[in-house]
Amino acid sequence: MLAPACISTDHPGYLSFIPASPTEASSLFDLVVSASSIYGGSWLEGSGAIYAENQVLDFLAREVGLPSGSGGVFVQGGTLGNLSALVTAREWHKARLAGLGISWNGRFKVLVSEESHSSLKASAKVMDLDLEPLPVDERGSLRGATVEAALSRAEPGEVCAVVGTAGTTNFGIVDDLEGIALAAKAHDVWYHVDGAYGLAGALDHAAKPLFKGMEHADSFIVDPHKWLFAPFDACALVYRNPELAYRAHAQHGEYLEHLADPGVWNPSDYAFNLTRRVRGLPLWFSMASHGVASYREAIAKNIELAAEIAADIKTRSYLRLVREPQLSVVVFERLGWELADYRRWSDALLASGMAFVVPSSHGGRPNLRFAIVNPLTDFELLRGILDSLEA
Ligand SMILES: *Cc1c(COP(=O)(O)O)cnc(C)c1O
């Protein structure tokens, strides 16, 4: 009754948006989490489970070069992760300005790339601040010099955060994370990295150099439900100095005071949330079951497949590769097609049960996009899809 009216996001042919591909271990453990009423908001009630979640956050922080003492919380998704990080950034920024005696009565501003994710715009709206989208280079990457120039133009105190994107959603392109970090540091501005989709790529040794500069981030997010093979809904939100997040987010109330033991780690204090399930555990259990090496391999395989199919696209005269992929997103056009042609083809492909590939666009031109996060997606399947575009 339900299934026929839903599309399986973990099917190897589901290649649109950002698909899902949870391991069996993670899905099974999600059932365990759902079936046990563990409260993940406070150490008092959930310390065993929270300890395990924190192991994963610590692993992710170390993997991208953040120091020990970093920490955070698994929130529902990247949108909430970005919002929570930006709220922390703004509160820190306000306290810093007060300390310096700088008064800024205008609106605060967050600098982002023009290809950054829509959730940043949504966060800015909720926070009632302005987003300044900065131009990217021809590869789609925001450069440090562009951020430096924007920071130099801004009024003192105006910019409360700079966001780098570690893997854009539409193209999987990583910003100049190091150059942006240096610019942010030079101006003493909070540096957040949105790695919801792409930061998982840092687990691949070959792709790792793309993420150089991550180690300077004040906060970052990565969604296990995207490319870390965990079920919906999980975003790892990590801060270099979690105390700053505590100051921004901890809720206080008579009914909560019993939990507020100094020195005790209550995950709810680090994001815009209170009651929470221990949604980091499915990833923890799966990583413990499979070992980190198999995660590295699966991610590397996706990236290699993206490069292979991009090379194949370049050999087909009826297709045009829009950009050289960096991670596991491949974007291309079918020459001579209008949006209506793409839609007709896409509907037929889905109806056939072969794959789910919907049109996206860039610069007003429709295109097609493979987002590859499933280790079961293979070259033959992708070639078959390309063949079906020839007719
Ligand atoms: C998907 C995505 C988000 C939003 O994450 P959700 O989990 O869908 O809320 C934010 N940033 C980037 C770069 C993304 O790809």
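Quick caveat, the model's predicted, so the values are computed rather than measured. (Residues numbered from 1 in each chain as written. Predicted model: local features only at pLDDT ≥ 70, side-chain atom pairs only at ≥ 80, totals over all residues. Heavy atoms only, no water.)

## Points about the sheet that holds strand β7 (residues 235-239)
Here's step 1: Strands sit in the order β1-β7-β6-β5-β4-β2-β3 across an open sheet of 7 strands; the sheet is mixed. At either margin of the open sheet sits one strand with a lone partner, and together these are β1 (71-75) and β3 (130-134). Averaged over all adjacent pairs, the angle separating strand axes in this sheet is 20 degrees, with direction ignored.
Here's step 2: As paired elements, strand β2 (residues 109-113) and strand β4 (residues 159-165) share 3 bridges and run parallel to each other. Note on β4: the bridge partner recorded for leucine 111 is valine 162.
Here's step 3: Running over the sheet, helix α2 (residues 43-63) touches β1, β6 (219-222) and β7 and is turned about 115 degrees from β1. (Pairing = 2+ DSSP bridges. Helix = DSSP H or I, 4+ residues; strand = E, 2+ residues; numbered from the N terminus. Axes fitted to C-alpha atoms, helices over the stretch in contact; angles between N-to-C directions. Contact = heavy atoms within 4.5 Å.)

## Brief notes about the pairing of β4
Here's step 1: Among the 7 residues in β4, 7 count as buried, and that is most of the element.
Here's step 2: For β4 and strand β5 (residues 190-194), the ladder comprises 5 bridges, and the chain directions are parallel. If you follow alanine 161 over to β5, its bridge partner there is tryptophan 190.
Here's step 3: Read from β4 through helix α6 (residues 177-186) to β5, the crossover connection turns out right-handed. (Buried < 20%, exposed > 50% of the residue type's maximum accessible area, 1.4 Å probe, protein only. Right-handed = clockwise from strand over helix to strand, strands pointing away.)

## Overview of the pattern of salt bridges
Here's step 1: Summed over all chains, the structure comprises 27 salt bridges.
Here's step 2: Here glutamate 63 makes a salt bridge to lysine 208, at a shortest N to O gap of 2.9 Å. Of the two residues, glutamate 63 sits in helix α2 while lysine 208 sits in the loop between β5 and β6, which places them 145 residues apart along the sequence.
Here's step 3: With relative accessibility at 27%, the residue lysine 208 sits in the partly exposed group.
Here's step 4: Note that arginine 247 is salt-bridged to glutamate 243, the shortest N-O span being 3.3 Å. Placement of the pair is arginine 247 and glutamate 243 together in helix α8 (residues 242-249), with a separation of 4 residues, close to one helical turn. (Salt bridge = Lys/Arg side-chain N within 4 Å of Asp/Glu carboxyl O.)

## What about the side chain of asparagine 266?
Here's step 1: Checked against the element boundaries, asparagine 266 lands in the loop between α8 and α9 (281-290).
Here's step 2: A polar contact of 2.8 Å, which involves the side chain of asparagine 266, links it to the backbone nitrogen of tryptophan 43. (Polar contact = N/O pair within 3.5 Å; in protein donor to acceptor, adjacent residues only side chain to side chain.)

## Here we look at the site of the ligand
Here's step 1: The immediate surroundings of the ligand are formed by 14 residues, with Gly78, Thr79, Asp194, Asp223 and Lys226 found nearest.
Here's step 2: Side-chain polar atom of threonine 79 to an oxygen atom of the ligand: 2.7 Å apart, as the coordinates give it.
Here's step 3: Histidine 225 places a side-chain nitrogen or oxygen 3.0 Å from an oxygen atom of the ligand.
Here's step 4: Contact with the protein chains hides 87% of the accessible area of the ligand, taken as 380 Å² for the molecule alone.
Here's step 5: Listed by contribution, the elements that provide at least two residues to the shell around the ligand are α3 (78-100) and α7 (224-227).
Here's step 6: The dominant element in the shell around the ligand, judged by the number of residues it contributes, is α3, at 3 residues. (Near = heavy atom within 4 Å. Areas by Shrake-Rupley, 256 points an atom, 1.4 Å probe, with all protein chains shown as cover.)

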